[in-house]
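A closer look at the structure
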Amino acid sequence: AQRVTQPEKLLSVFKGAPVELKCNYSYSGSPELFWYVQYSRQRLQLLLRHISRESIKGFTADLNKGETSFHLKKPFAQEEDSAMYYCALNGCRGNNRLAFGKGNQVVVIP
Amino acid sequence: SAVISQKPSRDICQRGTSLTIQCQVDSQVTMMFWYRQQPGQSLTLIATANQGSEATYESGFVIDKFPISRPNLTFSTLTVSNMSPEDSSIYLCSVMDWDAETQYFGPGTRLLVL
């Protein structure tokens, strides 16, 4: 079974401080991991995926298969980073059925 | 990226009634999905909408409660039948972009059942 855990529901950080959102997953095979973001009054959108290995809006995430983690990091938080962040997993390539974590509410304090 | 619209954006319904939610995409897509996000919860996949055949439902969801149609590659509907307050949720349509291997989400339909 696929399961995604995001332990912290709410994270408040000061502007300029580092941000780290934890994501752990449970899946026996080789998963595909994603981070989705939902800004206030906007739709859910893809932030980044582990396959692309790129930095989006200053965010990076590294898949650690040993620790079954895909933590999201940004060295210097900006006010516009305030949003809900969801970690998601696709375990079965080809069917694209995403399993989501419960999400993290990030509040960046000016 | 695909542009997705949903109708209605929100509704308040009485117990025992049904609501049909529409999802329209501005381009042909192979895969369309319906998710539910209950208050304080994460997104849960209800079903995959298959064009020309019956939808594929996830565990815990059945066709009688959530009938789905997908008459073509740009449109799908989800009906929430015989509603109860437990069906109060945000219902989201998503589509698969095969070029980018990315799922795009619609704006969601916020449903409140009284």
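Since this is a predicted model, take the numbers as computed values, not measurements.

Parameters and conventions
Residues numbered from 1 in each chain as written. Chains lettered and ligands numbered in written order. Predicted model: local features only at pLDDT ≥ 70, side-chain atom pairs only at ≥ 80, totals over all residues. Heavy atoms only, no water. pLDDT = per-residue confidence, 0-100. Helix = DSSP H or I, 4+ residues; strand = E, 2+ residues; numbered from the N terminus. Pairing = 2+ DSSP bridges. Axes fitted to C-alpha atoms, helices over the stretch in contact; angles between N-to-C directions. Contact = heavy atoms within 4.5 Å. Buried area = accessible area lost by both parts, 1.4 Å probe. Salt bridge = Lys/Arg side-chain N within 4 Å of Asp/Glu carboxyl O. Nonpolar A, V, L, I, M, F, W, Y, C, P; charged D, E, K, R; others polar. Disulfide = S-S within 2.5 Å. Buried < 20%, exposed > 50% of the residue type's maximum accessible area, 1.4 Å probe, protein only.

This paragraph deals with the confidence of the model for chain B. Chain-level statistics for chain B give a pLDDT mean of 91 and a share of 96% at 70 or above. Within chain B, the element-level pLDDT minimum falls on strand S10 (residues 102–105) of chain B, averaging 86, and the maximum on strand S8 (residues 75–80) of chain B, averaging 96.

This part takes up the sheet that holds strand S7 (residues 68–72) of chain B. Through backbone hydrogen bonds, the strands of a sheet pair up, either in parallel or in antiparallel fashion. All names here are of chain B. Taken in spatial order, the 4 strands make up an open sheet running S1-S3-S8-S7, and their pairing is antiparallel. The outermost strands of the open sheet, each flanked by one partner alone, are strand S1 (4–7) and S7. Strand-to-strand twist of the sheet, defined as the mean angle between neighbouring strand axes without regard to direction, takes the value 15°. Two elements, S7 and S8, share 3 bridges in a ladder whose sense is antiparallel. Residue pairing in the sheet places Ile68 in a bridge with Leu78 of S8.

This paragraph deals with the interface of chain B and chain A. With 20 residues of chain B at the interface, the matching set in chain A holds 16 residues. Taking both sides of the interface into account, the surface hidden between chain B and chain A amounts to around 1,500 Å²; carbon and sulfur atoms contribute 48%. Considering only the surface of chain B that becomes buried against chain A, Ser42, Leu43 and Phe105 of chain B emerge as the three largest contributors, covering 29% of it. Run the count over chain B and chain A and you get 0 salt bridges. Looking at the side of chain B that touches chain A, the elements with two or more residues in it are strand S4 (32–37), strand S5 (43–49) and S10 of chain B. For the side of chain B that touches chain A, the class distribution of residues is 11 nonpolar, 7 polar and 2 charged.

The next point concerns the state of the cysteines. Counted by the stated rule, this structure contains 2 disulfides over all chains. A disulfide bridge connects Cys23 of chain A with Cys87 of chain A, and the sulfur atoms are separated by 2.0 Å. Note on the Cys23 of chain A and Cys87 of chain A pair: the S-S dihedral is about -65°, so by sign convention the disulfide is left-handed. Highlighted residues: Cys23 of chain A in the loop between strand S3 (19–21) and strand S4 (24–26) and Cys87 of chain A in strand S9 (residues 83–90), separated in sequence by 64 residues. This pair shows no difference in class: Cys23 of chain A is buried, exactly as Cys87 of chain A is. One disulfide in the model links Cys23 of chain B with Cys93 of chain B; its S-S distance is 1.9 Å. Judged by the sign of its S-S torsion, about -65°, the cystine formed by Cys23 of chain B and Cys93 of chain B is left-handed. Here Cys23 of chain B, found in strand S3 (residues 19–25), pairs with Cys93 of chain B, found in strand S9 (residues 89–97); they are 70 residues apart in sequence, far enough to count as distant. Comparing Cys23 of chain B with Cys93 of chain B shows no difference in burial state: the two are buried.

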